[in-house]
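Understanding the architecture of this molecule
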Amino acid sequence: MTVVLDGGPLALDDVAAVARRGAPVSVGPNAARRVAEGRRFVDELADAATPVYGITTGVGKLKDVVIPAGHRDDLQRNLVLSHAAGVGAPLSEPDTRAVMLLLAASLARGASGVRGELVDLVVACLNARVHPVIPEQGSVGSSGDLVPLAHVAACLIGEGDVWRDGEPRAAGEALARAGLAPVRLQAKEGLALLNGTHFMTALGTLAVIDATTLVRLADVTGAMSLEALMGTNAAFDARIHALRPHAGQQASAANLRALTAESAIIASHHDCTRVQDAYSLRCMPQVHGSAREALAFARGMLERELASVTDNPLVFAADRTVLSGGNFHGEPLGLALDTLAIGLAQLGGIAERRIDRLVNPLVSEGLPPFLTPAGGLNSGYMIAQYVAAALASELKTLAHPASVDSIPTSALQEDYNAMGAGAALKLRRALANVRQILAIELLLAAQALDFRLPLAPGRGSDAARAALRARVRPLAGDRYLKADLDATLAACVDGSVLAAVESAVGALA
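The sections below set out a description of the structure shown in this document. On a predicted model such as this, the values are computed, not experimentally measured, just so you know.

**Considering the pattern of salt bridges**
Using the criterion set out here, one finds 31 salt bridges in the structure. The partner of Glu173 in a salt bridge is Arg177, and the shortest N-O contact between them spans 3.2 Å. With Glu173 and Arg177 both in helix H7 (residues 171-177) and four residues apart, the pair spans about one turn of that helix. Residue classification places Arg177 among the exposed residues on the basis of a relative accessible area of 54%. Here Asp494 makes a salt bridge to Arg471, at a shortest N to O gap of 2.3 Å. Of this pair, Asp494 sits in the loop between helix H19 (481-493) and helix H20 (496-505) while Arg471 is found in the loop between helix H18 (459-469) and H19, placing the two residues 23 residues apart along the sequence. The exposure class of Asp494 is partly exposed, given its relative accessible area of 44%. Accessibility expressed as a relative area gives 39% for Arg471, which makes it partly exposed. Residues joined in a network through salt bridges with shared partners are Arg39, Asp43, Arg115, Glu117 and Glu189.

**Focus: empty space enclosed by the protein**
All chains considered together, the criterion is met by one cavity of 30 Å³ or more. In this structure, the largest cavity spans a volume of roughly 80 Å³. At three residues, the largest contribution of residues to the lining of the largest cavity is made by helix H4 (residues 93-107). Residue composition of the lining of the largest cavity, grouped by class: four nonpolar, six polar and two charged.

**Quick word on the sheet that holds strand S7 (residues 167-170)**
Here three strands make up an open sheet; going across it, the order is S4-S6-S7 and the pairing antiparallel. The open sheet terminates on both sides in strands that have one partner only, identified here as strand S4 (131-132) and S7. Of the pairings in the sheet, the one linking strand S6 (residues 161-164) to S7 comprises four bridges and is antiparallel in character. In the strand pairing of S7, Trp163 is matched with Pro168.

**Some remarks on the pairing of S6**
Note that S4 and S6 share two bridges and pair antiparallel. Across the sheet, residue Pro132 finds its bridge partner in S6, namely Val162. In this antiparallel pair of consecutive strands, S6 and S7, the connection spans two residues, and Asp165 shows a positive phi of 55°.

**A short note on the packing of helix H9 (residues 198-228) against helix H11 (residues 247-259)**
Packing of H9 against H11 leaves a shortest axis separation of 9 Å and a crossing angle of 50°. Taken together, the axes of H9 and H11 lie oblique to each other. Both H9 and H11 take part in a crossing whose hand is right-handed. Contact residues: Asp219, Val220, Ala223 and Glu227 in H9; Ser252, Asn255, Leu256 and Leu259 in H11. Of the residues contributing to the contact of H9 with H11, the split by class is four nonpolar, two polar and two charged.

**Remarks on the side chain of Ser225**
Of note, Ser225 is situated in helix H9. When near neighbours in sequence (up to four residues on either side) are disregarded, Ser225 contacts Leu281, Arg354, Leu358, Glu441 and Ala445.

**Points about H20**
The periodicity of an α-helix, 3.6 residues per turn, causes residues three or four positions apart to be oriented the same way. Buried residues of H20: Val497, Leu498, Val501 and Val505, and no others. Considered in projection along H20, the buried side chains sweep an arc of 95° and stay on one side of the axis. For H20, the secondary structure elements touched by its buried residues are H9, H11, helix H17 (420-452), H18 and H19. Positioned one or two residues after H20, Gly506 has a phi angle of 95°, which is positive.

**Re the layout of surface pockets**
Where empty space is left can be seen by rolling a probe of water-molecule size over the atoms. Approximately 380 Å³ is the volume attributed to the largest pocket. Taken together, 22 residues form the lining of the largest pocket, with Tyr53, Gly60, Ser143, Phe328 and Glu414 sitting closest to its centre. Residues of the lining of the largest pocket, tallied by class, amount to seven nonpolar, 13 polar and two charged.

The rules we used
- Residues numbered from 1 in each chain as written.
- Predicted model: local features only at pLDDT ≥ 70, side-chain atom pairs only at ≥ 80, totals over all residues.
- Heavy atoms only, no water.
- Salt bridge = Lys/Arg side-chain N within 4 Å of Asp/Glu carboxyl O.
- Helix = DSSP H or I, 4+ residues; strand = E, 2+ residues; numbered from the N terminus.
- Buried < 20%, exposed > 50% of the residue type's maximum accessible area, 1.4 Å probe, protein only.
- 1 Å grid on protein atoms, 1.4 Å probe; cavity = no way out; pocket = protein on both sides within 12 Å on 5 of 7 lines; lining within 4 Å.
- Points joined across faces, edges and corners; volume = space filled by probe spheres on them.
- Nonpolar A, V, L, I, M, F, W, Y, C, P; charged D, E, K, R; others polar.
- Pairing = 2+ DSSP bridges.
- Axes fitted to C-alpha atoms, helices over the stretch in contact; angles between N-to-C directions.
- Parallel < 35°, antiparallel > 145°, perpendicular 65-115°, else oblique.
- Left-handed = near helix turned anticlockwise from the far one by under 90°.
- Contact = heavy atoms within 4.5 Å.
- Arc of directions from axis to C-beta.

See below:
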């Protein structure tokens, strides 16, 4: 599938296709026309004496410095070189591809005033897999992601490093090997490359895609734990959730009903005297559902951002107007990504509580302590719960919002910044923690369900257990536990567990 930049919005799946599956990109004729119209107007402005921010003047606090006509191209190159000051670990190549795609899509909407050949070069680098080395840290989330985007821009002018065969190489050399030539920036083009929310939007988009999988996986592992702990699915009755019509809650409850359908384990204790299960079992629709609501909020914000132009100033060629504004400000994204991190912290926290119930003989409903048949000599899954607890505790720190902070920059010209990039980086780590916690719950719940045999769990829970058992054998005695944890995590990452479950019960909400 080729993703065509036609000036319209990108879909989340477009980003995933290019970033993770290497889909090619092209520029459509409508976008090419709009870009050309915007550029013609910028060329007129660049030749005039009227001060226009970033075209005939400096930027930031230096906005009142008029640049002589003979040095206006130099200004654009200098902006790129001076702003390419990122630090920290480099982005992965999929993350980098997402950033590049969003930059190209924004420029292709024609309101940035760049030449068509600049958009074409970004696209050509994507298609040739010339990926700039982008350090993670340095963006304060306003005036866009200036610092990380400067590293993309540096590649386009033949400066900085790019990835080649897993190693950093000089950008000029990599462009030449790909049959590409660096561009000489002209009026406004350096500024257009630097302004924008493409770094935080790229990371946020991929995070939303991953979180969409995790909320479904949480229902699967939660259903397995519920059955292993001799819980009831009565709390998932649709009549309960009709009286509190939150979409996320209702979706989770529906999933849990489907996953536990035809459970011989639940049927075996239908007439027991226990009235209610613990919150971590009974309230899964409410807690998992709240994470889904946070995800829906973040998804909506990002879908709108994927249709946006976040440059400054903006060029309205049809009106023959250039307007300075603040579309680059990352506060909407920071708020959305922080909200999703909070929702994920709830998802990981409640899963850790279920993990504890699986191994804790005080509440595990007759399961052997730490899920080992020979406790004492063997520790079983005792330490797996420790690991989940450590990750859940870190989630609480990661849930602290970045977007409420601000540090002024550019001599108080930029006096209220967004920190949306920080929110995106925190969210990525939160996702990894939750994915690992759910993998631990999957591993332990499968072991617990094995102890309930010959009673079979519901169709969905049984399909998940069987999918895991194809990779990880039951724990009869202590062995190198990390290998089991890694294999279980891989089954969560590659989608095989969810695929097996949905094959058995149908698509989950």
